[in-house]
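Structural characterization, general
The lines below spell out each chain.
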Amino acid sequence: MKNCEYQQIDPRGLSTPSSTQPCTENNVQRSRRKWEVFPGKNRFYCDGRIILARQSGILPLTLGLIIVTSGLFFAFDCPFLVTHLTVCIPVIGGVLFVFVVTSLLQTSFTDPGILPRTLPDEAADIEKQIDTSGSSTYHPPPRTKEILINQQVVKLKYCFTCKMFRPPRTSHCSMCDNCVERFDHHCPWVGNCVGKRNYRFFYSFIVSLSFHTSFIFGCVVTHLTLRSQGGNGLVLALQENPASVVELVICFFSIWSILGLSGFHTYLVAFNLTTNEDIKGSWSSKRGAEDSGNPYTYDNIFTNFCATLCGPMPPSLIDRRGFLPPEDIPPAVAVDMGRPPFLAKNDTNMEENCQGFALSCTA
Amino acid sequence: MAETHSLQDMRQQAAIAAKVFIQRDYTNGTVCQFQTKFPSELETRIDKQQFEETVRTLNNLYAEAEKLGGSSYLEGCLACLTAYTIFLCMETHYEKVLKKIAKFIQEQNDKIYAPRGLLLTDPIERGLRVVEVTIFEDRSLGR
């Protein structure tokens, strides 16, 4: 039996003052946050607090349409309706408007559940596992792994960009160049992917938007009807209220798509599916032969709703606002050092001590 | 005879021999669970029961974080009613449990893994994909 001596590693032995000498020159360099070197195609604002896809082209249009339509409603229809009907109308409209805008901004600015890319060590370990299990012929080994989830066979695919086997229900978004957990779809109207962390905001957005457009549509129709009854007919009422006509047109065309989308997503939530799975028909082939092949469903519509929309809020896995270790650590040592877990996340003094060790090791 | 040395001295002697990655266990769905299978590289370093106990406790903690129950539904409904603005000021249940997990891993490292030349990395630092166990080379000090 080998006589090994394992030396106690003292995790609290980091605060030795002698180590700070070599790194005084590092203090001059500003510590960079991780979002500044994030490999995906995303944009960050407010020092990493807000995350958006790089192409967020239609988000201003979405916001603009909502604000303009609601603004016209409050300015031109509400005064008439308040005097002729009730003061509740602008109140309800206001509440719905607030819900719509907050959910939209939350959907757009929240990390949808991006998985960070693997570090070199982990990627190498996975590669090794693939190579050992592959065939010895020239044919490259298949980059899929089959696992059993709730007695159902599920194939996990290997992601060449992120260098890992994608967890179940994870998909790689080509627009954002990220693997996103429970990937639903990339929504250009919202300017972000819809995934595990922001699906509830997205659902709340489309449902509240359905109510909001229906409400505005109903109120505008009531307004024009009342005017045409009291005045000289519908055509004159339309001519006198161009703002209402604009709102009518916008709402009429939006309602079909928004209501349809809300209905579709309600169905998805009830059966615990994602748009991605529904489009690909991942589980539909089993329907009829046995009960639904979806291994993730709780087989109860109410539980599916609660789990998807009211479940615990998962944390963001990409540490956007964490600090990077400064670049002048030699790469080999940097990989070994990583970041010891017992350091507080933003404790830069401790990190500088670590760099000191690294430098003294290689000196 | 084994003595306690500061990490600085250790780093000069203890180089990383290998890293073992404990992968996720998806048999129960997408909940965060890790495989309790004991990796062969750790056979010489730590007791199998001890290691499995650590992973099992970690799994229980993550299950607690993701539990669907009265309190998580209440949090979800309250968040929905306030148009999700409470997430800006309140710490979620999941985040509270993550802090517990970080403390647990630190304790395990201090008491069990560091004396054996091993280091556990908190899975949150690896995107909740793996539990990374760093194995340090064993070198006896000649004094």
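Parameters and conventions
- Residues numbered from 1 in each chain as written.
- Chains lettered and ligands numbered in written order.
- Predicted model: local features only at pLDDT ≥ 70, side-chain atom pairs only at ≥ 80, totals over all residues.
- Heavy atoms only, no water.
- UniProt positions renumbered as here; feature names shortened; annotations may be inferred.
- Helix = DSSP H or I, 4+ residues; strand = E, 2+ residues; numbered from the N terminus.
- Contact = heavy atoms within 4.5 Å.
- Areas by Shrake-Rupley, 256 points an atom, 1.4 Å probe, with all protein chains shown as cover.
- Salt bridge = Lys/Arg side-chain N within 4 Å of Asp/Glu carboxyl O.
- Buried < 20%, exposed > 50% of the residue type's maximum accessible area, 1.4 Å probe, protein only.
- Pairing = 2+ DSSP bridges.
- Phe/Tyr/Trp six-rings, centres within 6.5 Å; stacked < 30°, edge-to-face > 60°.
- Lys NZ or Arg CZ within 6 Å of the ring centre and 35° of its normal.
- pLDDT = per-residue confidence, 0-100.

For chain B, an unreviewed UniProt entry supplies the name Golgin subfamily A member 7 and the organism Salmo salar. The Function (unreviewed entry) field of the UniProt record for chain B holds the comment "May be involved in protein transport from Golgi to cell surface. The ZDHHC9-GOLGA7 complex is a palmitoyltransferase specific for HRAS and NRAS."

Named according to an unreviewed UniProt entry, chain A is Palmitoyltransferase originating from Salvelinus namaycush. Among the UniProt annotations of chain A, the heading Subcellular location (unreviewed entry) holds the following wording: "Membrane". What UniProt states about chain A under its Sequence similarities (unreviewed entry) heading is, verbatim, "Belongs to the DHHC palmitoyltransferase family."

Things to note about the overall build of chain B
Summing up its helical and strand segments, chain B has 4 helices and 4 strands in all. Taken from N to C terminus, the helices and strands of chain B fall in the order β-α-β-α-α-α-β-β. Relative to all contacts within chain B whose residues are 6 or more apart in sequence, the contacts with residues 24 or more apart total 58%. Accessible surface, chain B as shown: approximately 6,900 Å² in total, 51% of it carbon and sulfur.

Some words on the UniProt feature "domain: Golgin subfamily A member 7/ERF4" (unreviewed entry) in chain B
In the numbering used here, UniProt assigns the feature "domain: Golgin subfamily A member 7/ERF4" (unreviewed entry) to residues 20–132 of chain B. Helix makes up 45% of residues 20–132 of chain B and strand 8%, whereas the separation of the span's terminal C-alpha atoms amounts to 6 Å.

Quick word on the UniProt feature "domain: Palmitoyltransferase DHHC" (unreviewed entry) in chain A
Here, the residues flagged by UniProt with the feature "domain: Palmitoyltransferase DHHC" (unreviewed entry) are residues 155–280 of chain A. Between the first and last C-alpha atoms of residues 155–280 of chain A the distance is 14 Å; the span itself is 59% helix and 15% strand.

Points about the pattern of salt bridges
Oppositely charged side chains are able to pair whenever their charged atoms sit close together. Under the criterion given, the structure shown has 15 salt bridges over all chains. In this structure, the salt-bridge partner of Arg 33 of chain A is Asp 47 of chain A, at a minimum N-O distance of 3.0 Å. With Arg 33 of chain A in the loop between helix 1 (24–27) and strand 2 (42–45) and Asp 47 of chain A in the loop between strand 2 and strand 3 (50–53), this pair connects stretches of sequence that are 14 residues apart. The class for Asp 47 of chain A is partly exposed, based on a relative accessible area of 33%. Close ionic contact of Lys 19 of chain B with Glu 132 of chain B constitutes a salt bridge, the shortest N to O distance being 3.3 Å. Taken as a pair, Lys 19 of chain B in strand 2 (residues 16–22) and Glu 132 of chain B in strand 4 (residues 131–136) lie far apart in primary sequence, 113 residues in all.

Thoughts on the UniProt feature "transmembrane region" (unreviewed entry) in chain A
Residue and element names in this part refer to chain A. The sites that UniProt annotates as "transmembrane region" (unreviewed entry) are residues 58–76, 82–105, 201–226 and 246–270. Helix makes up 88% of residues 82–105 and strand 0%, whereas the separation of the span's terminal C-alpha atoms amounts to 30 Å. Structurally, residues 246–270 is divided into 100% helix and 0% strand, and its ends, taken at the C-alpha atoms, are 36 Å apart.

A word on the pairing of strand 4 of chain B
Residue and element names in this part refer to chain B. Across the 6 residues of strand 4, 6 count as buried, placing the element largely inside the fold. Side chains Val 131, Val 133 and Ile 135 of strand 4 all project onto a buried face; the interleaved residues Glu 132, Thr 134 and Phe 136 project onto the opposite face, where all are buried too. Direction of pairing for strand 2 relative to strand 4: antiparallel, over a ladder of 6 bridges. Of the residues in strand 4, the one forming a bridge with Val 20 is Val 133. Of the strand pairs in this sheet, strand 3 (residues 118–121) and strand 4 are connected by 4 bridges, and their pairing is antiparallel. Of the residues in strand 4, the one forming a bridge with Leu 119 is Thr 134.

Digging into the packing of aromatic side chains
All names here are of chain A. All chains considered together, the criterion is met by 13 aromatic pairs over all chains. Ring geometry for Phe 252 and Phe 253: centres 5.6 Å apart, planes at 80°, overall edge-to-face. Considering the side-chain rings of Tyr 267 and Phe 271, the 5.4 Å spacing of their centres and the 55° angle between planes classify their relative orientation as tilted. For Phe 271, a relative accessible area of 40% translates into the label partly exposed. Taken together, the ring pairs connect Phe 73, Phe 74, Phe 97 and Phe 215 into an aromatic cluster. The aromatic ring of Tyr 158 is capped on one face by Arg 143, whose charged end is 4.6 Å from the ring centroid. The ring of Phe 165 carries the charged tip of Lys 145 above its face, separated from the ring centre by 4.9 Å.

A few points about the confidence of the model for chain B
All names here are of chain B. For chain B, per-residue confidence averages 83 on the pLDDT scale, and residues scoring 70 or more make up 87% of the total. Taking the mean pLDDT of every element in chain B, the minimum, 49, falls on helix 1 (residues 7–13) and the maximum, 92, on helix 2 (residues 48–65). Confidence drops under pLDDT 50 across residues 8–12; counting only partners more than four residues distant or on other chains, this segment forms 13 contacts. Two numbers describe this predicted complex: its pTM, 0.79, and its ipTM, 0.83.

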